[in-house]
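Coordinate inspection notes
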Amino acid sequence: MPELQKAGPIGLLIWCGTLLGVGFPLSKLSAAAGVPPMVWALLVSVGTCTALFPFVALRGQLRLPRGQLLRYVLVTGLVTSAGINVMIFGLVPKLGAGQVGMMFALSPVATLAVSSLFGLKTPSRLGLFGIGFGLVGALMVAFGRGGVHGTLIWSLVGLTIPLILAAGNVYRTLDWPEGEHPIALAFWSQMVAIVTLVVVMVARGDGIALHSVAEVPWAAAAQMVAAALTIPAFFQLQRVGGPVMLSQIGYVAAAVGLIVGVALLGERYGPVSWLGAAITSLGIALTILAQTGRAVQLPKALPLGRMTRARMWSGECESEVRVPKQATLLAARRQAVLKLLRQA
C-alpha cells in the first residue's frame, strides 16, 4: 500500500478503472446465484477494511474519527460507498454489466459540469461539446437495450449513477481533511459502509444472508481482492489527480465492463446501443482533448474564469490582469460549501 504514493495519476487511473470494470460482471454472477446486492456490497467494504487494518494500525490511525474527519467519512461511506455500491449491484442484473459500465462513462462529463459550479474546472467550448455528446450517447445506450421487461425504467434509474458519482467526486476534494492519509480515509469510510449495510439489513428483517455467498465463493473472493486493491488507490488518485481526473476511471471501467460482459457473459446489445457507445466515446475524446489543449496552451497556472477567457480571446491576456487569483476563488467557494455542511 505505501507504493501508492509513488504511483502517478495515469497509473492509478488505469489500475482503478480496470479493477472497477471487472467488478461489474462479478456482481452479475453473484445476482444470478441469488446473492442480495447489499450482501455483495458488504463484501466490498469488508475486503477493503480487512486488507487496510494492518496499515492503519501501524500508522496509529485507529482512533475514532471526530469533527471534519467524522463528517467526511460519514458522507463518503453512506453515499459514495454503501449507497452507490448497492445501486450498482442491484442494477447490473437488470441492465447488464456493459450498460451499467456505460453509466460510469458518463461520470467524467458529469463531474466536469459539477466541478465548474465550484470553480474546480471550467469547461471550454470544446469541453461542453464533449459533455453534450456524452449525454446523447449514454441516453442511446440506455434506451437501445431491449428484451428485458421494465428496462426503460431501470435505465432511467441508472442515469442517476453518474450524478451521484460526480457529487461524491467533488465533495471528497472540497472537504478533504487536512493532513489525513488516503489509507485512513479509505478504511474509515468503508467501516461506515459496513455498519450502515448491516443496520439496514437487520432493520429490514432480511438478516445478513452470508450463506448465499457460498454459491459463488471464487467470485466473492475475487470481488474482495479487487475492492481491497482498488479503494486505497481510489483515494490516492482523488488526492493527486482531483475530481475530474478521478472520474475518468469511468472510461476504463466502461470499456472493461462492456468487453467482459459481451465476451464472457453472453450479453448482447442492439445497434442503437453500440451507436450510443460510439457517440459516448466521441464525447470522451472531446473532453480529454479539451483538457489537454488547455494544459498545453497555458504554460502558467492562470485563472480560467469568464473575464480571463475574454481577455485571452481578445489578445489582452497580460501577466498583471486584475482578476482574483483562482486559489482565492476556490477557498471562498470551499468555505461556502463547508458552511452549508456544518449547518445541515
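Here the structure is a predicted model, which is why all the values come from computation and not from measurement.

Re the overall build of the protein
- Per the secondary structure count, the protein includes 14 helices and zero strands.
- Along its sequence from the N terminus, the protein presents helices and strands in the succession α-α-α-α-α-α-α-α-α-α-α-α-α-α.
- Buried residues in the protein amount to 47% of all 344 residues.
- Of the accessible surface of the protein, which amounts to about 16500 Å², a share of 69% is contributed by carbon and sulfur atoms.

As for the packing of aromatic side chains
- Evaluation of the coordinates by the stated rule reveals five aromatic pairs.
- Look at phenylalanine 53 and phenylalanine 187: their rings are 6.3 Å apart centre to centre, the planes differ by 50°, and that puts the pair in the tilted class. Remark: phenylalanine 187 occurs in helix 9 (residues 182–203) and phenylalanine 53 occurs in helix 2 (residues 37–58); sequence separation between them is 134 residues.
- Residue phenylalanine 53 is classed as partly exposed on the basis of its relative accessible area of 42%.
- Since its relative accessible area comes to 4%, phenylalanine 187 is described here as buried.
- Here a set of aromatic residues connected by ring pairs shows up, and it is made of Phe53, Phe187 and Trp188.

Let's talk about the pattern of salt bridges
- Going through the model one piece at a time under the given rule, you end up with one salt bridge.
- Ionic pairing is found between aspartate 175 and arginine 71, a salt bridge with its closest N-O pair at 2.8 Å. In this pair, aspartate 175 is assigned in the loop between helix 8 (160–174) and helix 9 and arginine 71 in helix 3 (residues 67–95), connecting sequence segments 104 residues apart.

Quick notes on the packing of helix 9 against helix 10 (residues 217–247)
- Direction vectors running N to C along helix 9 and helix 10 enclose 125°, while the axes themselves pass 8 Å from each other. It follows that helix 9 is oblique to helix 10 by the angle criterion. The element helix 9 and its partner helix 10 pack so that their crossing is right-handed. Contacts between helix 9 and helix 10 involve Pro182, Leu185, Ala186, Ser189 and Gln190 on the former and, on the latter, Ile231, Pro232, Phe235, Gln236 and Arg239.

Topic: empty space enclosed by the protein
- A complete count under the given rule lists four cavities of 30 Å³ or more for this structure.
- Estimated volume of the largest cavity: approximately 520 Å³.
- For the lining of the largest cavity, the secondary-structure elements that each account for two or more residues are helix 1 (9–32), helix 3, helix 8, helix 10 and helix 11 (249–264).
- In terms of residues, the lining of the largest cavity owes the most to one element, helix 10, which gives nine residues.
- Of the residues belonging to the lining of the largest cavity, the class tally is 17 nonpolar, 13 polar and one charged.
- Of the volumes computed, that of the second largest cavity is approximately 60 Å³.
- Lining the second largest cavity, in full, are Gln61, Arg63, Leu69, Glu180, Ala184 and Trp188.
- In terms of residue class, the lining of the second largest cavity is built from three nonpolar, one polar and two charged.

Examining the nonpolar core
- Judged by nonpolar contacts, the single largest core of 64 residues is most densely connected at Trp40, Tyr72, Ile88, Val100, Ile161, Leu197 and Phe235.
- Broken down by element, the residue count for this core peaks at eleven residues, all from helix 3.
- Not counting residues up to four positions away in its chain, the partners in contact with isoleucine 161 are Ile84, Met87, Ile88, Leu91, Val100, Met103 and Phe104.

Regarding the environment of valine 192
- Inspection of the secondary structure puts valine 192 in helix 9.
- In this structure, the C-alpha to C-alpha distance between valine 192 and serine 45, residues 147 residues apart in sequence, is 9.0 Å.

A few points about the confidence of the model for the protein
- Mean pLDDT over the protein works out to 76, with 75% of the residues at or above the 70 mark.
- Every residue in residues 294–304 scores below 50 in pLDDT, and together they form 16 contacts with partners more than four places removed in sequence or on other chains.
- Per-residue pLDDT stays below 50 along residues 307–324; that stretch engages in 17 contacts with residues further than four places along the chain or on separate chains.

Digging into the environment of isoleucine 161
- In this structure, isoleucine 161 sits in helix 8.
- Sequence spacing of isoleucine 161 and isoleucine 88 is 73 residues, and the spatial spacing of their C-alpha atoms is 7.9 Å.

Let's talk about helix 8
- In this model helix 8 runs 21 Å from its N-terminal to its C-terminal C-alpha over 15 residues, within 8% of the 21 Å that 1.5 Å per residue would give.
- Listed as buried for helix 8 are Ile161, Pro162, Leu165, Ala166, Gly168, Asn169, Val170, Tyr171, Arg172 and Leu174.

Examining a nonpolar patch on the surface
- A contiguous nonpolar patch, built from Leu126, Phe129, Phe133, Leu282 and Leu289 and spanning about 440 Å² of accessible area, is present on the exposed surface.
- When residues of the nonpolar patch are traced back to their parent elements, those giving at least two are helix 6 (125–144) and helix 12 (271–297).
- Checked against the element boundaries, phenylalanine 133 lands in helix 6.
- Judged by its relative accessible area of 32%, phenylalanine 133 falls in the partly exposed class.

Thresholds, definitions, all that
- Residues numbered from 1 in each chain as written.
- Predicted model: local features only at pLDDT ≥ 70, side-chain atom pairs only at ≥ 80, totals over all residues.
- Heavy atoms only, no water.
- Helix = DSSP H or I, 4+ residues; strand = E, 2+ residues; numbered from the N terminus.
- Buried < 20%, exposed > 50% of the residue type's maximum accessible area, 1.4 Å probe, protein only.
- Areas by Shrake-Rupley, 256 points an atom, 1.4 Å probe, with all protein chains shown as cover.
- Phe/Tyr/Trp six-rings, centres within 6.5 Å; stacked < 30°, edge-to-face > 60°.
- Salt bridge = Lys/Arg side-chain N within 4 Å of Asp/Glu carboxyl O.
- Axes fitted to C-alpha atoms, helices over the stretch in contact; angles between N-to-C directions.
- Parallel < 35°, antiparallel > 145°, perpendicular 65-115°, else oblique.
- Left-handed = near helix turned anticlockwise from the far one by under 90°.
- Contact = heavy atoms within 4.5 Å.
- 1 Å grid on protein atoms, 1.4 Å probe; cavity = no way out; pocket = protein on both sides within 12 Å on 5 of 7 lines; lining within 4 Å.
- Points joined across faces, edges and corners; volume = space filled by probe spheres on them.
- Nonpolar A, V, L, I, M, F, W, Y, C, P; charged D, E, K, R; others polar.
- Core = buried A, V, L, I, M, F, W, Y, C linked by side-chain atoms within 4.5 Å.
- pLDDT = per-residue confidence, 0-100.
- Expected span 1.5 Å × (residues − 1).
- Patch = residues over 30% accessible without salt bridge, like charges linked within 9 Å, V, L, I, M, F, W, Y side chains within 5 Å.

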